[in-house]
Every structure is written in C-alpha cells, then in structure tokens.
Amino acid sequence: MNPPAATAPPRFSRYQKFVVGMLAFLQFAVILDFMLMAPLGALIMPALAIDTQQFGLIVSAYAFSAGASGLLTAGFADRFDRKKLLLFFYTGFVLGTVWCGIANSFETLLAARIVTGLFGGVIGSVVLAIATDLFPQEMRGRVMGVIQTAFAASQVLGIPVGLYLSNRWNWHVPFLAMAAIGAAGGLVVAWGMRPVTAHLALPQERGPWKHLHHTLAEPRHLLAFATTALVATGGFMLMPFSSAYIVGNLGIDLHSLPTVYLVTGLCTILFGPLIGRAADKYGKFQVFVAGSALSIVMVLVYTHLGPVSLPVLVAVNAVMFVGIFSRIIPFQALMASVPSPAQRGSFNAISASIQQLSGGIASVIAGHIVVLGADGKLQHFDVVGYVVIGALVTALALLWRLHRTTALEVRQEAGALP
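Conventions adopted
Residues numbered from 1 in each chain as written. Predicted model: local features only at pLDDT ≥ 70, side-chain atom pairs only at ≥ 80, totals over all residues. Heavy atoms only, no water. Helix = DSSP H or I, 4+ residues; strand = E, 2+ residues; numbered from the N terminus. Buried < 20%, exposed > 50% of the residue type's maximum accessible area, 1.4 Å probe, protein only. Contact = heavy atoms within 4.5 Å. Areas by Shrake-Rupley, 256 points an atom, 1.4 Å probe, with all protein chains shown as cover. pLDDT = per-residue confidence, 0-100. Phe/Tyr/Trp six-rings, centres within 6.5 Å; stacked < 30°, edge-to-face > 60°. Axes fitted to C-alpha atoms, helices over the stretch in contact; angles between N-to-C directions. Parallel < 35°, antiparallel > 145°, perpendicular 65-115°, else oblique. Left-handed = near helix turned anticlockwise from the far one by under 90°. Nonpolar A, V, L, I, M, F, W, Y, C, P; charged D, E, K, R; others polar.

Caption draft 1: Main features of the overall build of the chain. Helix and strand content of the chain: 15 helices and 2 strands. By the burial criterion, 56% of the 418 residues in the chain qualify as buried. In the chain, the proportion of contacts linking residues at least 24 apart, taken out of those at least 6 apart, comes to 86%. Accessible surface, the chain as shown: approximately 16,600 Å² in total, 69% of it carbon and sulfur.

Shown next, in the form of structure tokens:
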C-alpha cells in the first residue's frame with residue numbers, strides 16, 4: 001500500500017511549508033484543548049468538588065459531541081471549499097474554549113465541553129483532508145510527522161504554560177489564554193491560505209446522505225474505521241488521569257508536572273519529523289509495527305510504576321510517547337491513501353467521529369476502572385494498561401489486514417494481477 005520510496009523525496013515549496021505550519025498550529029490548538037484537561041484534572045476535581053467518574057464524563061463529553069458532529073458533517077464535507085469549512089468550525093471551537101474558561105461548575109463546564117467538541121471534533125478531519133489534497137503520497141509521511149508534532153508542541157509550550165498559569169492564578173486562565181492565541185492563528189490562516197477546491201471539480205453524488213452511505217458501506221473503509229477506533233483507545237484511557245496518577249501514585253510534586261510534560265514534548269518534537277521521514281523511507285506499516293512493539297513495553301512499565309524520582313519518570317514518559325507517535329504518524333499517512341479523492345472529506349469526518357466516540361467510551365470505561373482512594377492514589381490503573389495493550393495488539397492485526405487488502409487492490413487496478 002505504501003512501498004518505500006525508491007528515489008529522493010521531493011522538496012517542499014515555500015507555500016507548502018506555510019500550509020504545513022498552519023495546519024500544525026490548528027492541530028496544536030485543538031489537541032491542547034484536550035490535553036489541558038489531563039494535567040488540570042488534579043486542580044479541576046477539587047475546585048469543582050467532583051469525583052473521577054464526573055471528570056471522566058467531562059472528558060468524554062467533548063469526545064461524544066465531536067463524534068456526533070463528525071457524522072453530521074460527513075455528508076457535506078466534500079461539497080465546500082475546505083478552507084471555508086475549516087474556518088467555520090475553528091471559529092466555533094475558539095468560542096467554546098472561551099466558555100470553558102468562564103465555567104464555574106460541573107454543569108457549565110460539561111456544557112462548554114459539549115459545545116467545544118461539536119466544533120473542534122471536525123477540525124482534525126478537515127486538516128487531514130487538506131494535507132492529503134495538497135501533498136502527494138511520497139510527501140505525506142513528513143507532512144503527518146510535522147502535523148502530529150503539534151501534540152508534542154502542546155506539551156512543550158501549552159501544558160507547562162497552562163500549569164504555570166493555573167498555579168499562579170486558577171485553572172480558568174489557561175483556557176482563556178489559549179482562546180486568545182488560537183483566534184490570532186485563525187486570522188493568519190484566513191489571510192494566508194488559498195482556497196482548497198480541487199475536489200469540487202470531481203463528480204459528486206446528488207445527495208449528502210447518499211454520499212455518507214456510500215462512504216460507510218465501502219468494505220475497505222469499514223476496516224479502516226475499526227482500526228481507527230482501536231488506535232484512539234490508548235490516549236483517551238491513559239491521559240485523562242495521568243496527572244492524578246503521577247502526583248498521587250508516583251509521588252511527583254504538582255509543581256514538577258510542567259517539567260515532565262516539557263521534556264516529553266521536546267523529545268517528541270525531535271523524533272516526530274524523524275519518524276515521518278522513516279515512514280516515507282522504510283515503509284509506513286513497518287514503522288507502525290515497531291512503534292506498536294515499543295508502546296506495549298512502555299505502557300506495561302508506566303502503569304506498574306511505584307514511587308519514582310523525577311528523572312526516571314521523565315525518561316519513561318518520553319520513551320512511551322516516542323512509541324505512541326511511532327504509531328500515530330505512519331497510521332495517519334496510511335489512512336490518507338484509503339479513500340478516493342471524492343470521498344476524502346467524508347471519510348476523514350467519519351474517521352474523526354469514530355475516533356472521538358471510541359475515545360469517549362474509553363474515557364468513561366477508564367473512569368469506572370480507576371478509583372481515587374482515600375489516600376489520594378488511583379487504584380486499578382494497571383488494569384487500564386492491560387486494556388490499552390489489548391487494543392494495541394488488535395489494531396495492529398486489523399491494520400495488517402487493511403495493508404494487505406489495499407496493496408492487493410492497487411496491484412489489481414494497475415493490471416499486475418488478473
């Protein structure tokens with residue numbers, strides 16, 4: 001499906017570099033919105049007097065609303081200029097983030113997360129559709145490598161600053177600051193990005209619901225959606241309770257959390273583009289396999305840690321995230337080749353929806369598995385690790401099957417097989 005490149009990969013033009021940078025920034029804003037909930041959980045739960053199940057519901061509310069929004073948008077995703085579609089949903093996302101910043105109760109924060117998810121959940125799929133429209137197959141590993149480092153940048157820049165602002169003032173301030181910075185980035189995108197309309201020249205089905213149905217009914221798409229659901233499980237199960245686990249179980253001081261996320265993010269920023277290059281050079285599926293093996297080992301180590309020193313935790317966390325990104329980057333590049341150009345927006349919207357819904361379910365499950373003990377420690381966090389590993393192994397098996405199926409279809413279409 002994605003054979004190793006035989007020649008030197010093409011270089012990026014100046015405009016392509018700008019587009020990749022802007023898409024990475026938008027991903028940064030959306031991911032940071034989710035990522036902030038994990039480290040701020042240790043502050044939000046006591047501030048709003050809520051338990052782990054309620055906090056898990058707050059996290060999953062974003063995922064469920066984002067999933068519903070993706071499904072509703074899928075039928076229309078290929079009928080508009082992708083730039084205009086992106087800016088519409090990004091504007092709603094920024095306004096939802098402002099609401100998160102002024103929420104003062106469990107109910108209002110829950111409502112704010114639902115609204116933010118309705119808009120934010122579609123952004124990632126539009127970003128991927130734009131990246132796939134504008135960049136050929138042999139460049140997508142590097143493109144996804146840069147875009148996915150937005151996750152690491154949120155750790156390096158966003159989470160430490162967010163924790164500092166919340167420690168200096170309160171947990172509301174990081175959301176308001178993020179909304180202000182996000183709005184500025186949106187204006188740059190509106191000014192500098194050209195319309196993305198090439199897909200509009202392709203034949204379109206008459207009705208959006210028929211378009212949605214055909215995208216869902218494609219057997220290869222169904223296999224890709226099932227794999228996406230399992231790939232999303234790990235992050236949504238581990239991250240929402242990571243700060244409570246680090247502080248309560250591992251004995252790391254709350255004020256040391258920025259250091260943990262800073263070093264981890266720097267390592268991921270360093271390795272993200274390298275992983276993308278490796279995916280283009282050696283094969284995207286091969287890199288995914290290596291990343292899955294490393295992730296399994298590190299999830300086992302991380303979820304079975306006892307009280308440790310800060311350097312040990314930083315090292316474990318950094319290696320674990322390198323493994324996670326060694327899966328995410330090639331996986332996104334592989335998924336970009338699954339749909340036809342005329343179904344790309346719809347496929348990505350459905351994929352994002354399934355990712356959010358499965359992540360929301362995973363977050364709720366994790367909230368019921370772990371229990372916050374009277375001593376402030378999370379109980380049964382190791383069980384969450386076992387569930388994550390099961391999802392990793394199953395996702396690897398499904399992607400192997402999808403890889404073989406797609407490669408066979410490509411060879412048949414080329415006339416290599418009868």
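Having seen it, we continue.
Caption draft 2: Summary view of the confidence of the model for the chain. On average, the chain scores 80 in pLDDT, and the residues at 70 or more come to 87%. For the chain, per-element mean pLDDT is lowest for helix 8 (residues 208–217), which scores 70, and highest for helix 12 (residues 284–303), which scores 92. The low-confidence segment residues 1–6, where pLDDT is below 50, has 17 contacts with residues more than four positions distant or belonging to other chains. Here residues 413–418 scores under 50 on pLDDT; set against residues more than four positions off or in separate chains, the count is 5 contacts.

Caption draft 3: How the structure looks around the side chain of Gln-332. Looking at where Gln-332 falls in the secondary structure, it is placed in helix 13 (residues 310–336). Note on Gln-332: relative accessible area 15%, which makes it buried. In this structure Gln-332 touches Leu-128, Met-144 and Gln-148, once residues within four positions along its chain are discounted.

Caption draft 4: Structural detail: the packing of aromatic side chains. This model, assessed by the stated rule, comprises 11 aromatic pairs. Ring geometry for Tyr-90 and Phe-93: centres 5.9 Å apart, planes at 35°, overall tilted. In this pair, Tyr-90 and Phe-93 both sit in helix 4 (residues 82–102), 3 residues apart, roughly one turn of the helix. In terms of burial, Tyr-90 and Phe-93 fall into one category: buried.

Caption draft 5: Local environment of the packing of helix 4 against helix 5 (residues 106–134). As a packed pair, helix 4 and helix 5 sit with axes 8 Å apart at the nearest point and diverge in direction by 155°. By the criterion of interaxial angle, the relationship of helix 4 to helix 5 is roughly antiparallel. For helix 4 against helix 5, the interelement crossing comes out left-handed. Looking at side-chain class alone, the contact of helix 4 with helix 5 contains 20 nonpolar, 6 polar and 3 charged residues.

Caption draft 6: How the structure looks around the side chain of Thr-97. Inspection of the secondary structure puts Thr-97 in helix 4. Here Thr-97 falls in the buried class, since its relative accessible area comes to 1%. When residues no more than four places from it in sequence are discounted, the contact partners of Thr-97 are Asp-33, Thr-116, Phe-175, Met-178 and Ala-179.

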